Amino acid sequence: MNKTEYKKALKLSLNNKTLVLESKKCGCFYCIAIFPTEMIEKWSDKKEGETDQTAICPYCASQSIIGDASGYDITLPFLQDMYDTRLMQIKRAAANLNQD
Ligand SMILES: [Zn+2]
């Protein structure tokens, strides 16, 4: 997955309550799980500047959830791809910090 696609998908995991509730199933790209939307019970508190609350994963409690109403096909390979790209971004950021 390229950086642009990743950033686009990442945006959908934040301020996503409305979109998630329109979805039948959701996926978490932190713990690579797919589950029905009804399993989501927790939402982040809406902070200033945010448009909506953010879904919290019922398994790992991270805010890394994308619903199928986003237009993405929620599959394990898609979630794995998101996970790998995220890890790469973190590693790249850490490498940049070490260069200073
Ligand atoms: Zn999770």
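Higher on the page you've got the structure.
Each chain carries its own residue numbering, running from 1 in the written order of its sequence. This being a predicted model, a pLDDT of at least 70 is required before a residue's local features are given, and a value of 80 or more before pairs of side-chain atoms are given or counted; all residues contribute to the totals for chains, interfaces and linings.

(A) The arrangement of the overall build of the protein chain in detail. Summing up its helical and strand segments, the protein chain has 3 helices and 5 strands in all. For the purposes of this entry, the term helix denotes a DSSP run of H or I that reaches at least four residues, the term strand denotes a run of E that reaches at least two, and both are numbered from the N terminus. Each helix and strand of the protein chain, ordered N terminal to C terminal, gives the series α-α-β-β-β-β-β-α. What the globule rule says is 2.2 Å times the number of residues to the power 0.38, and the radius of gyration is computed from C-alpha atoms. On C-alpha atoms alone, the protein chain measures out to a radius of gyration of 14 Å, which is about the 13 Å that the 2.2 N^0.38 rule sets for 100 residues. Overall, the protein chain is about 45 × 35 × 25 Å in size when its C-alpha atoms are taken along their principal axes. Labels follow a simple rule on C-beta atoms placed from the backbone: if 20 or more others lie within 10 Å of a residue's own, it is buried; if 12 or fewer, it is exposed; otherwise it is partly exposed. Out of the 100 residues in the protein chain, the part that is buried amounts to 20%. Contacts here follow a simple rule: the backbone-placed C-beta atoms of the two residues must lie within 7 Å. Long-range pairs, those at least 24 residues apart, make up 65% of the contacts in the protein chain with a sequence separation of at least 6.

(B) Quick peek at the environment of Met 1. On the secondary structure map, Met 1 appears in the segment before α1 (3–11). The residues contacting Met 1, other than those within four sequence positions of it, are Tyr 6, Asp 81, Met 82 and Thr 85.

(C) How the structure looks around the nonpolar core. In this structure, Val 20, Cys 26, Cys 28, Phe 29, Ala 55, Ile 65 and Ile 66 are the most contacted members of the largest nonpolar core, which totals 13 residues. Mapped onto this core, the elements with two or more residues apiece are α2 (17–21), β1 (25–28), β5 (65–67) and α3 (76–99). Among all residues touching Cys 28, those that are not within four sequence positions of it are Ala 33, Cys 57, Tyr 59, Cys 60, Ser 62, Ser 64, Ile 65 and Leu 79. In these notes, a nonpolar core means any group of buried Ala, Val, Leu, Ile, Met, Phe, Trp, Tyr and Cys residues linked to one another through C-beta atoms within 7 Å.

(D) Representation of the sheet that holds β5 in the model. The strand order β2-β1-β5 describes an open sheet built from 3 strands, whose pairing is antiparallel. With one partner strand each, in any of the chains shown, β2 (33–36) and β5 form the two edges of the open sheet. Neighbour to neighbour, the strand axes of the sheet diverge by 25 degrees on average, direction disregarded. Any two strands are treated as partners once DSSP identifies two or more bridges connecting them. Here β1 pairs with β5 via 3 bridges, running antiparallel. Bridging from a neighbouring strand, Cys 26 pairs with Gly 67 of β5. Fitted lines through C-alpha atoms give the axes, limited to the stretch in contact for helices. The angle between two N-to-C directions lies from 0 to 180 degrees.

(E) Expanded view of unusual backbone geometry. Despite not being glycine, Ile 32 shows a phi value in the positive range, around 55 degrees. Note that Ile 32 resides in the loop between β1 and β2. A positive phi angle is found at Ala 61, which is not glycine, with a value near 65 degrees. Its place among the elements puts Ala 61 in the loop between β4 (55–56) and β5. Since 12 C-beta atoms lie within 10 Å of it, Ala 61 is described here as exposed.

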